[in-house]
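Observations on chain architecture
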Amino acid sequence: MTYQEPQDIQRVVNTARTVAVVGLSGNELRASNFVGFYLKRHGFKVFPVNPREKEILGETSYPSLSDIPEPVDVVNVFRAPDAVPGIAREAVEIGAKALWLQFGVISEEGARIAAEGGLTVIMDRCMKIEHARYLGRMHWLGFNTGRITSVRTGIH
């Protein structure tokens, strides 16, 4: 599938420092909150983008990407696919470096807009899982790899 190149994913998770999470929810049970919490916990500066919230994860929530007062490396999208083309246009306008579409967020039009605007595009992948995969933290916050990492008595 296009937009899932391992070298692109590795480059983004290893070089990005700021992430705008479009659709970040204040509800701790939502995947967007879980991912935002993980990214913040692992050193990323997270900008929530949700016009219905004032603050999420202790950070000011912005109504749109253009309202964020600092440069954004990655625009991470937790919205319905039909919203992606507009988000992609705004990501290009603010000079983001990458557009990351979470699991199930598939928009060929949005990907094309972002790619033509010079952004790296990752689609139908979870930024938390990919960060953990390439930095050896798959175990953190409940992703069980099934691998034993510390054995005192040996393997039986």
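Report follows, based on the coordinates. Just so it is clear, the structure is predicted and the values come from calculations on it, not from any experiment.

This part is about the overall build of the protein chain. On a plain count of helices and strands, the protein chain comes out with 5 helices and 7 strands. When the helices and strands of the protein chain are read in sequence order from the N terminus, they spell out α-β-α-β-β-β-β-α-β-α-β-α. Within the span of the protein chain, comprising 156 residues, buried residues form 46% of the whole. For the protein chain, the proportion of contacts with a sequence separation of at least 24, taken over those separated by at least 6, is 58%. With the model as given, the accessible surface of the protein chain reaches about 8,600 Å², and the carbon-plus-sulfur share is 49%.

Another aspect to go through is the pattern of salt bridges. In total, this model carries 8 salt bridges according to the counting rule given. One salt bridge connects E116 with R112, and the closest N-O pair in it is separated by 3.3 Å. On the criterion of helical spacing, the pair formed by E116 and R112 is a turn pair, its members being 4 residues apart in helix 4 (residues 108-116). Residue E116 is classed as exposed on the basis of its relative accessible area, which comes to 61%. One salt bridge in this structure joins R133 and E130, with 2.9 Å as the shortest N-O distance. Within this pair, R133 and its partner E130 are both found in helix 5 (residues 127-135), separated by 3 residues, close to a single helical turn. Here the salt bridges share partners, and the residues they tie into one network are R125, E130 and R133.

Another aspect to go through is the sheet that holds strand 5 (residues 74-77). Spatial ordering of the open sheet is given by 2-1-5-6-7, a layout of 5 strands whose pairing is parallel. The open sheet terminates on both sides in strands that have one partner only, identified here as strand 2 (45-49) and strand 7 (120-123). For this sheet, the mean inter-axis angle between neighbouring strands, taken without regard to orientation, is 20 degrees. Where helix 1 (residues 6-15) meets the sheet, it contacts strand 5, strand 6 (98-101) and strand 7, and its direction lies at approximately 105 degrees from that of strand 7.

So, about the layout of surface pockets. Over the atoms, a rolled probe matching the size of one water molecule traces out where space is still vacant. The computed volume of the largest pocket comes to approximately 320 Å³. Every element with two or more residues in the lining of the largest pocket is listed here: helix 2 (31-41) and helix 3 (84-94). Classifying every residue of the lining of the largest pocket gives 8 nonpolar, 5 polar and 4 charged.

What counts as what
Residues numbered from 1 in each chain as written. Predicted model: local features only at pLDDT ≥ 70, side-chain atom pairs only at ≥ 80, totals over all residues. Heavy atoms only, no water. Helix = DSSP H or I, 4+ residues; strand = E, 2+ residues; numbered from the N terminus. Buried < 20%, exposed > 50% of the residue type's maximum accessible area, 1.4 Å probe, protein only. Contact = heavy atoms within 4.5 Å. Areas by Shrake-Rupley, 256 points an atom, 1.4 Å probe, with all protein chains shown as cover. Salt bridge = Lys/Arg side-chain N within 4 Å of Asp/Glu carboxyl O. Pairing = 2+ DSSP bridges. Axes fitted to C-alpha atoms, helices over the stretch in contact; angles between N-to-C directions. 1 Å grid on protein atoms, 1.4 Å probe; cavity = no way out; pocket = protein on both sides within 12 Å on 5 of 7 lines; lining within 4 Å. Points joined across faces, edges and corners; volume = space filled by probe spheres on them. Nonpolar A, V, L, I, M, F, W, Y, C, P; charged D, E, K, R; others polar.

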